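Here is how the chains run, residue by residue.
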Amino acid sequence: QVQLVESGGGLVQAGGSLRLSCAVSGMIFRAAPMGWYRQAPGKQRDLVARITSSGATNYADSVKGRFTISRDNAKNTVYLQINSLKPEDTAVYYCNGVRLGLRGDYSWGQGTQVTVSS
């Protein structure tokens, strides 16, 4: 059974930075394209960054230049470096596989809350 455990969120001021981590177990991680999603209160879950098994990345327009997704296959972990945080980045952040789009490939973890104060 695949498990996804997100961490690293918190309360930060606008302009600050955070590094989110997602520990993955129960699958062959190195072969899996992965992504970071976020869901703000009252809004649908969106995919903000994705990374292929070979390390190619892609970002939503709203986060380009501020978010960086990376992965460490030796640690079965995917990261999201978030810089220049804005209040509109406030959301619960989740990682998941991206083959099935917004559904996610696996059962969702608990997510990690990012709150940005202005």
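Remember, it's a predicted structure, so these values are computed and weren't measured experimentally.

S.K.: Which parts of the structure should I look at to understand the pattern of salt bridges?
M.R.: Close approach of charged atoms lets side chains of opposite charge pair. Summed over the entire model, instances satisfying the criterion amount to 3 salt bridges. Arginine 38 is the partner of aspartate 89 in a salt bridge, and the nearest nitrogen-oxygen pair spans 2.9 Å. On the criterion of sequence distance, the pair formed by aspartate 89 in the loop between strand E8 (77-82) and strand E9 (91-97) and arginine 38 in strand E4 (residues 34-39) is long-range, its members being 51 residues apart. For aspartate 89, a relative accessible area of 0% translates into the label buried. Using a relative accessible area of 12% as the deciding quantity, one classes arginine 38 as buried. Between aspartate 89 and arginine 66 there is a salt bridge whose closest N-O contact spans 2.7 Å. Taken together, the residues span a long stretch of sequence, with aspartate 89 in the loop between E8 and E9 and arginine 66 in the loop between strand E6 (57-59) and strand E7 (67-72) at a distance of 23 residues. Across the pair, exposure class does not vary: aspartate 89 and arginine 66 are buried alike. Salt bridges sharing common partners tie together Arg38, Arg66 and Asp89.

S.K.: Where do I start with the sheet that holds strand E3 (residues 18-25) in this structure?
M.R.: Strands in a sheet are paired, the pairing made by backbone hydrogen bonds, and the direction either parallel or antiparallel. Across the sheet, 4 strands lie side by side as E1-E3-E8-E7; this open sheet has antiparallel pairing. Of all strands in the sheet, those with a lone pairing partner are strand E1 (3-7) and E7, marking the two edges. The average undirected angle you get between the axes of adjacent strands in this sheet is 15°. With 6 bridges joining them, E7 and E8 adopt antiparallel strand pairing. Of the residues in E8, the one forming a bridge with phenylalanine 67 is isoleucine 82.

The rules behind these values
- Residues numbered from 1 in each chain as written.
- Predicted model: local features only at pLDDT ≥ 70, side-chain atom pairs only at ≥ 80, totals over all residues.
- Heavy atoms only, no water.
- Salt bridge = Lys/Arg side-chain N within 4 Å of Asp/Glu carboxyl O.
- Helix = DSSP H or I, 4+ residues; strand = E, 2+ residues; numbered from the N terminus.
- Buried < 20%, exposed > 50% of the residue type's maximum accessible area, 1.4 Å probe, protein only.
- Pairing = 2+ DSSP bridges.
- Axes fitted to C-alpha atoms, helices over the stretch in contact; angles between N-to-C directions.

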